[in-house]
Amino acid sequence: MDGQGGRDNWDRARGQLVLARGRFGIKPLYYHRTDERIVLSSEIKGLFADPATPRRFAWDKALTVTALAAAPRFSAEQMCTWFEGVESVPAASVLRVDLRDGRTTEHRYCELPTEADESTSAEGFVERYGDLLEASIRDCATADSEPGLFLSGGIDSSIVLALARTQVEEIHTFTALSGGTRANGDVEQASWLSRLGGGGHNHQVLFEPDLTPTPEEWRRLVWLTESPMVGPEVYYKHELHRFARHVRPELRGMLLGAASDEFNGGYSHDMGDDWTSFLAGLTGMNRITLFDRLSKRACRSSTTGSWNSPRPSRITSVPDCCGTNGYSATLWDRVSRSA
């Protein structure tokens, strides 16, 4: 599969249902099956529309999730959907379900390399990586609808912006404005990058200090993400999505520079002053990854879904809110509590 979605096909000749999922499992594909039937959906809520799907929390599996139980484990982490009887197609895998006898086969079509490739030079790796990155962003930025971009000012989202501009004439970017992003220079960098080359519109979004979720909002966010692994970061990202959709209703997709800062050399100042120290830092990160395997968690959630809650009580333009010239911010107020 080329992309981040899930897919289901009916193989009429073999009498088989074919289920597939993208390489990294970003978009889920859930199913519930019995001896007589199988129900599919991209959301667990869709499965619950079927009265026959059980609605019981899977405590036994949930308590084995390292990030939830905060306990060590000594075996590979098992996929957890949080609900009994609800399964998920594994990432980078194809399932074939024979509807005549229920026999199921699983084929993994993509594996991350485990051995070093000594046949390619460092320059060759850089060139291959650049080609793949450019092709990926080209595919994402040439959608039928207008794309947006969450621009932090870091290496990853800056690269995405630069390459996306080769595909679209203009692009709206969105940056969270806070004390931290102001102090580390991210907001000024994002504004400069957006203006560079023309065609950029950078929306710097200032959240009110008292913008904290109510218990009802937390409950709805858990319902949206279908996971108890919901923290403040998810809440504020969701609010940023809501703001983007409010000011640009025609947006149907958001480009992200997710988790590639370290891969592209970002945060290098935190990993030593020379190449030897940097490699030692990478080795330490690798040990953590091998032990914890959190990067391969199957329990992923999407915070980009629509939220049919009230519009914000007001949106206020705040020019030069931090005393610097060259950018302005928009104050994203608490949503109305009356509705």
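Definitions and cut-offs
- Residues numbered from 1 in each chain as written.
- Predicted model: local features only at pLDDT ≥ 70, side-chain atom pairs only at ≥ 80, totals over all residues.
- Heavy atoms only, no water.
- Helix = DSSP H or I, 4+ residues; strand = E, 2+ residues; numbered from the N terminus.
- Buried < 20%, exposed > 50% of the residue type's maximum accessible area, 1.4 Å probe, protein only.
- Contact = heavy atoms within 4.5 Å.
- Areas by Shrake-Rupley, 256 points an atom, 1.4 Å probe, with all protein chains shown as cover.
- Phe/Tyr/Trp six-rings, centres within 6.5 Å; stacked < 30°, edge-to-face > 60°.
- Lys NZ or Arg CZ within 6 Å of the ring centre and 35° of its normal.
- Pairing = 2+ DSSP bridges.
- Polar contact = N/O pair within 3.5 Å; in protein donor to acceptor, adjacent residues only side chain to side chain.
- Axes fitted to C-alpha atoms, helices over the stretch in contact; angles between N-to-C directions.
- pLDDT = per-residue confidence, 0-100.
- Parallel < 35°, antiparallel > 145°, perpendicular 65-115°, else oblique.
- Nonpolar A, V, L, I, M, F, W, Y, C, P; charged D, E, K, R; others polar.

Regarding the overall build of the chain
- Scanning the chain from terminus to terminus reveals ten helices and 13 strands.
- Here the chain holds 339 residues, and the buried ones make up 35% of them.
- Partitioning the contacts of the chain with sequence separation of at least 6, the portion at a separation of at least 24 is 61%.
- Accessible area for the chain stands at about 20,300 Å²; split by element, carbon and sulfur atoms hold 54% of it.

Some thoughts on the packing of aromatic side chains
- The tally for this structure, following the rule as stated, stands at eight aromatic pairs.
- On the basis of an interplanar angle of 15° and a centroid distance of 6.3 Å, the ring pair of F57 and W82 is categorised as stacked. In this pair, F57 sits in the loop between helix 1 (44–48) and helix 2 (59–62) while W82 sits in the loop between helix 3 (66–69) and strand 5 (87–88), placing the two residues 25 residues apart along the sequence.
- Here the aromatic rings of F174 and F243 are separated by 6.2 Å at their centres, their planes lie at 80°, and the arrangement is edge-to-face. Here F243 lies in helix 9 (residues 232–247) and F174 lies in strand 9 (residues 171–177), a separation of 69 residues in the sequence. Take F174 and F243: they sit in the same class, and that class is buried.
- Every member of this aromatic cluster is reached through a ring pair, and the members are F48, F57, W59, W82 and F83.
- We note K45 situated over the ring of W223; from NZ or CZ to the ring centre the distance is 4.6 Å.

Re the sheet that holds strand 3 (residues 30–33)
- Strand order in the open sheet formed by three strands is 4-3-5, with antiparallel pairing between adjacent strands. Of all strands in the sheet, those with a lone pairing partner are strand 4 (38–41) and strand 5, marking the two edges.

Here we look at the side chain of S93
- Locating S93 in the fold gives a position in strand 6 (residues 93–98).
- Engagement of the side chain of S93 in a polar contact is seen with the backbone oxygen of A91, the distance being 3.0 Å.
- In this structure, S93 is in contact with L19, A20, R21, E106, H107, R108 and Y109, ignoring residues within four places of it in sequence.

A few points about the sheet that holds strand 6
- Taking strand neighbours across the sheet as the criterion, the four strands line up as 1-2-6-7 in an open arrangement whose pairing is antiparallel. Where the open sheet ends on each side, the last strands, each with one partner, are strand 1 (6–11) and strand 7 (104–108). Geometrically, the sheet is characterised by an average inter-axis angle of 15° between neighbouring strands, direction not taken into account.
- Bridge analysis of strand 6 against strand 7 gives five bridges, and the strand direction is antiparallel. By the bridge assignment, S93 is partnered in strand 7 with R108.

A short note on the confidence of the model for the chain
- The share of residues in the chain with pLDDT of 70 or more is 75%, and the mean pLDDT across the chain is 78.
- Under a pLDDT of 50 for its full length, residues 291–329 has, in the predicted model, 90 contacts with residues more than four places off or in other chains.
- For residues 333–339, every residue scores under 50 in pLDDT, and the model assigns this stretch 22 contacts once sequence neighbours within four places are set aside.

Re the packing of helix 8 (residues 215–225) against helix 9
- For the pair helix 8 and helix 9, the least separation of the axes is 11 Å and the interaxial angle reads 85°. Classed by the angle they form, the pair helix 8 and helix 9 counts as roughly perpendicular. Counting all contacts with helix 8, which are made through E217, W218, L221, L224 and T225, the residues of helix 9 involved are P232, V234, Y235 and H238.
- Residue classes in the contact of helix 8 with helix 9 are distributed as six nonpolar, two polar and one charged.

Some details on unusual backbone geometry
- You will see that A92, though not glycine, has its phi angle at about 55°, which is positive.
- Mapped onto the elements of the fold, A92 is located in the loop between strand 5 and strand 6.

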